[in-house]
Amino acid sequence: MVLRNANALLTTFVASLIAIALASPVSASSGAPLGFQLLCLQHPQECRGGGSSSVSLTDSLLSVIERVNSQVNRAIRPQNDRGGDVWTIGASAGDCEDYVLSKRRALINAGLPPSSLRIAYVKAQGIDHAILVVKTDVSDLVLDNLASNIVPLRNTGYRLIAMSSADPMIWQ
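Below or above, wherever it landed, is the structure these notes cover. Because the structure is a prediction, the values reported are computed rather than measured.

**Describing the overall build of the chain**
And then number 1: Looking only at helices and strands, the chain features 4 helices and 7 strands.
And then number 2: A total of 172 residues make up the chain; the buried ones form 40% of that total.
And then number 3: Here the contacts in the chain between residues at least 6 apart in sequence split such that 58% fall between residues at least 24 apart.
And then number 4: Approximately 9300 Å² of the chain is accessible, and the part contributed by carbon and sulfur atoms is 55%.

The structure is reproduced here in structure tokens:
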């Protein structure tokens, strides 16, 4: 009986810690957000860097970026997570992180090096928001589920909270 109660208490404690961590925003100079780390445990292939840390911006590349942004924005129905922040691959409905992951996967499949793609947490009109940033030789371009146009990060009006590095597991 005592062992059963201890196991129940331990299970409740661990579940509480996970719920608190999932609800906590990422802070600067930290590891990846917990939701992303949990996704990476289940799908490590989605969380690798590799290749060049930036790409040369060409008309062809810009066309690919615009097409991916548009296609993913149309393919996913906006829906907030219930409970903790859950990062989902291939979602048909989801929040900003789910758009980011789908766009990242599509751009990698189109030939962009994973290390040139950065996930960023920003403040957008007072709310926490995730965007995908493509590091180019001209500027950092933003793919955003709240906008149809591709614009440089400096022109978004967003306040950068944290962004992944060339290694998606390291955030600054």
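**Quick look at helix H2 (residues 34-42)**
And then number 1: Gly 35, Phe 36, Leu 39 and Cys 40 are the residues of H2 that are buried. In an axial view of H2, the angular spread of the buried residues amounts to 140 degrees, which keeps them on one side of the axis.

**Overview of unusual backbone geometry**
And then number 1: One non-glycine residue, Gln 125, adopts positive backbone phi at about 50 degrees.
And then number 2: Note on placement: Gln 125 falls in the loop between strand S3 (117-124) and strand S4 (127-135).

**Let's talk about the pattern of salt bridges**
And then number 1: Under the counting rule described, the total for this entry stands at 3 salt bridges.
And then number 2: Residues Glu 46 and Arg 105 are paired through a salt bridge, measuring 2.6 Å at the closest nitrogen-oxygen approach. Placement of the pair is Glu 46 in the loop between H2 and helix H3 (59-75) and Arg 105 in helix H4 (residues 96-109), with a sequence separation of 59 residues.
And then number 3: With relative accessibility at 34%, the residue Arg 105 sits in the partly exposed group.
And then number 4: Here Asp 128 and Lys 123 are joined by a salt bridge, their closest N and O atoms 3.0 Å apart.

**Some details on the side chain of Lys 135**
And then number 1: Within the element layout of this structure, Lys 135 appears in strand S4.
And then number 2: A distance of 3.1 Å separates the side chain of Lys 135 from the side chain of Asp 140, its partner in a polar contact.
And then number 3: What Lys 135 contacts, discounting residues up to four positions off in sequence, is Ser 53, Ser 54, Val 55, Ser 116, Arg 118 and Asp 140.

**Side note on the state of the cysteines**
And then number 1: If you walk through the whole model with that rule in mind, you get 1 disulfide.
And then number 2: Note that Cys 40 is cross-linked by a disulfide to Cys 47, the S-S spacing being 2.0 Å. With the S-S bond torsion at -95 degrees, the cross-link from Cys 40 to Cys 47 turns out left-handed.
And then number 3: A relative accessible area of 9% means that Cys 40 is categorised as buried.
And then number 4: The exposure class assigned to Cys 47 is buried, which follows from its relative accessible area of 7%.

**Thoughts on the packing of H3 against H4**
And then number 1: Running from amino to carboxyl end, H3 crosses H4 at an angle of 140 degrees, the nearest separation of the two axes being 10 Å. Relative to H4, H3 is oriented oblique. Judged by the twist between their axes, the crossing of H3 over H4 is right-handed. Residue-level inspection shows Val 64, Ile 65, Val 68, Asn 69, Val 72 and Asn 73 of H3 in contact with H4, the latter providing Tyr 99, Ser 102, Lys 103, Ala 106 and Leu 107.
And then number 2: Within the contact of H3 with H4, the residues separate by chemical class into 7 nonpolar, 3 polar and 1 charged.

Calculation rules
- Residue numbers restart at each chain and count upward from 1, following the sequence in its written direction.
- The predicted nature of this model means local features are confined to residues of pLDDT at least 70 and side-chain atom pairs, given and counted, to a pLDDT of 80 or more, with totals for whole chains, interfaces and linings taken over all residues.
- Heavy atoms from the whole structure form the basis of all side-chain values; hydrogens and water molecules are not counted.
- Put simply, DSSP marks the helices as runs of H or I at least four residues long and the strands as runs of E at least two long, and each gets a number from the N terminus on.
- Relative accessible area decides the class of each residue, using a 1.4 Å probe on protein chains only: under 20% of the type maximum gives buried, over 50% gives exposed, and in between gives partly exposed.
- Contacts are assigned to residue pairs that have any heavy atoms within 4.5 Å of one another.
- Surface exposure here means Shrake-Rupley accessible area, sampled with a 1.4 Å probe, where a residue is shielded only by the protein chains that are shown.
- Note that the arc is defined by the directions from the helix axis to the C-beta atoms.
- Every case where a carboxyl oxygen of Asp or Glu lies within 4 Å of a side-chain nitrogen of Lys or Arg is listed as a salt bridge.
- Polar contact is defined as a pair of N or O atoms within 3.5 Å, subject to the rule that within protein one atom must be able to donate a hydrogen and the other to accept it, and that residues adjacent in sequence are counted only when both atoms are side-chain atoms.
- Only a pair of cysteine sulfur atoms within 2.5 Å counts as a disulfide in this structure description.
- Between N-to-C directions, angles span 0 to 180 degrees; the directions come from axes that are lines fitted to C-alpha atoms, helices contributing only their stretch in contact.
- Each angle gets one of four labels, with under 35 degrees taken as roughly parallel, over 145 as roughly antiparallel, 65 to 115 as roughly perpendicular, and the rest as oblique.
- Each crossing is labelled by how the near helix is turned from the far one, with a counterclockwise turn of less than a right angle marking it left-handed and a clockwise turn marking it right-handed.
- The nonpolar class holds Ala, Val, Leu, Ile, Met, Phe, Trp, Tyr, Cys and Pro. Asp, Glu, Lys and Arg form the charged class, and all remaining residues, Gly among them, are polar.

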